[in-house]
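# Commentary on secondary and tertiary structure
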Amino acid sequence: MKRIVVTGGAGFIGSNFVRYTLNTYPEVHVVNVDKLTYAGNLDNLKDLDASRHTFVQADIADAEAMAKAMEGCDAVVNFAADSHVDRSIMEASDFIATNVRGVHNILEAAKAQGTKRVLLVSTDEVYGSIAEGSFRETDPVGPRNPYSASKAGGELLGLSYFHTFGIPVIITRGSNTYGPYQYPEKVLPLFVTNAIDNEPLPLYGDGKNVRDWLFVEDHCRGVDHALRHGTPGEIYNIAGENERENIALTTKILECVGKDDSLIRPVKDRPGHDRRYSIDSTKLKALGWEPQMDWETGVALTVKWYQENEWWWRKIKTGEFLEYYKRQYADRGSA
Ligand code: NAD
Ligand code: TDX
């Protein structure tokens, strides 16, 4: 693999993946296709080796632009997505355009061009909530919010292109990811940056929903491992193996920032809030991958990154973000 198209490479996980790929494989050139939505940020790419990285501002929902960007590539890795559940609850049409139609365009371009690998980055959310035990790749999908439904739609299209046209599609389903460069709408960077500013931390419902936390570099290594060692037509779970109730994450963040629990504000719950996510990644582990970051260290490292990189997030937490924040939280009252 010499030329890899990475979509959504100006976002959180995508930019970390581009960095990981360029640092790990000196022979690889990355073509980074990103629309630069509110979540895309060229600041995430500042330190990359420009001689092996080409940035193309384009929409994956634009079939022609996508086909052009993929010309001559060996593989495409799709991170581009509308990715925030709360925004999908407010208005889902962009989620359908990118997460379903955009994926369709990638599949069509791969079909026309004979692309050797198409990796679709997906999420543990497609399974829905599980009270006990952990989902395996053979379990049926049961998405319960517009975001996860759109991700499941993209996946199913991908699998259909594998079965119908033989397109070498591989799917990964990662768990809740955290680390540097995450847009501060997501719970961890939102709570860290609010805590730094002595602003309340809006904890949904009873705070006992469980998420499985995966450090971003572990997620990137998992996607890369599936890309290089996975079998076309297969799905691979990527679990962090760090299940925590939201309240435990919140108190850990406050401890790392050095603030007390009085900043916690229980607010009205998210509609359709999945209680617990849990996946089993035995299948990817059998290919030689495993998560390396321990949760306490990962959270501490991430908090430190936000403390040391105010230049990155302070300008984000203005304009569009503040409008969104007001809309999302103004009327939530208390839980
Ligand atoms: P993000 O919102 O930080 O980044 C998404 C990127 O995609 C942005 O740079 C944005 O500009 C770009 N983009 C959006 N629509 C586009 C379009 N139509 N054309 C081109 N670019 C477009 O998201 P993230 O958290 O980095 O997630 C990346 C991928 O990983 C997504 O597919 C998401 O579903 C998946 N995922 C995320 C998590 C998580 O916890 N963040 C967990 C599992 C899977
Ligand atoms: O203000 C908040 N208060 C709160 O209690 C926010 C933003 C979230 N939460 C809770 C809801 C969830 O139980 O924290 C948990 C995590 O929420 P998010 O950061 O919004 O993530 P989640 O909804 O779990 O989805 C994430 O993981 C799977 C990513 O955003 C998805 O892109 C990914 O697919």
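Residues numbered from 1 in each chain as written. Chains lettered and ligands numbered in written order. Predicted model: local features only at pLDDT ≥ 70, side-chain atom pairs only at ≥ 80, totals over all residues. Heavy atoms only, no water.

## Side note on the packing of helix H6 (residues 187-196) against helix H10 (residues 295-308)
Between H6 and H10, the least distance of the axes is 10 Å, while the angle of their chain directions is 55 degrees. Here H6 is positioned oblique relative to H10, judged by the angle of their axes. Relative to H10, H6 is oriented so that their crossing is right-handed. In this structure, H6 uses Leu188, Pro189, Val192, Thr193 and Ile196 to contact H10, whose residues at the interface are Thr302, Val303, Tyr306 and Gln307. For the contact of H6 with H10, the per-class residue count stands at six nonpolar, three polar and no charged. (Axes fitted to C-alpha atoms, helices over the stretch in contact; angles between N-to-C directions. Helix = DSSP H or I, 4+ residues; strand = E, 2+ residues; numbered from the N terminus. Parallel < 35°, antiparallel > 145°, perpendicular 65-115°, else oblique. Left-handed = near helix turned anticlockwise from the far one by under 90°. Contact = heavy atoms within 4.5 Å. Nonpolar A, V, L, I, M, F, W, Y, C, P; charged D, E, K, R; others polar.)

## Comments concerning unusual backbone geometry
Excluding glycine, a negative phi dihedral is what most residues carry, and trans is how most peptide bonds are arranged. Even without being a glycine, Tyr181 presents a positive backbone phi close to 75 degrees. Along the polypeptide, Tyr181 turns up in the loop between strand S7 (177-178) and H6. When its relative accessible area of 13% is taken as the criterion, Tyr181 is described as buried. Backbone geometry places Glu241, a non-glycine residue, at a positive phi of 60 degrees. With respect to the secondary-structure elements, Glu241 resides in the loop between strand S11 (235-238) and strand S12 (243-245). Exposure remark for Glu241: the relative accessible area of 45% places this residue in the partly exposed category. (Buried < 20%, exposed > 50% of the residue type's maximum accessible area, 1.4 Å probe, protein only.)

## Digging into the site of ligand 2
For ligand 2, the set of nearby residues contains 22 residues, the closest of which are Glu125, Tyr147, Arg270, His273 and Tyr329. The separation between an oxygen atom of ligand 2 and a polar side-chain atom of Thr123 is 2.7 Å. Within the contact set of ligand 2, an oxygen atom lies 2.8 Å away from a backbone nitrogen or oxygen of Val187. Taken together, the elements giving at least two residues each to the shell around ligand 2 come down to helix H3 (85-90), H6 and strand S8 (201-204). Of the residues belonging to the shell around ligand 2, the class tally is nine nonpolar, seven polar and six charged. Per-domain counts for the shell around ligand 2 show at least three residues from each of domain 1 (3-177 + 215-238) and domain 2 (178-211 + 242-272 + 295-321). (Near = heavy atom within 4 Å. Polar contact = N/O pair within 3.5 Å; in protein donor to acceptor, adjacent residues only side chain to side chain. Domains from an automatic or database assignment.)

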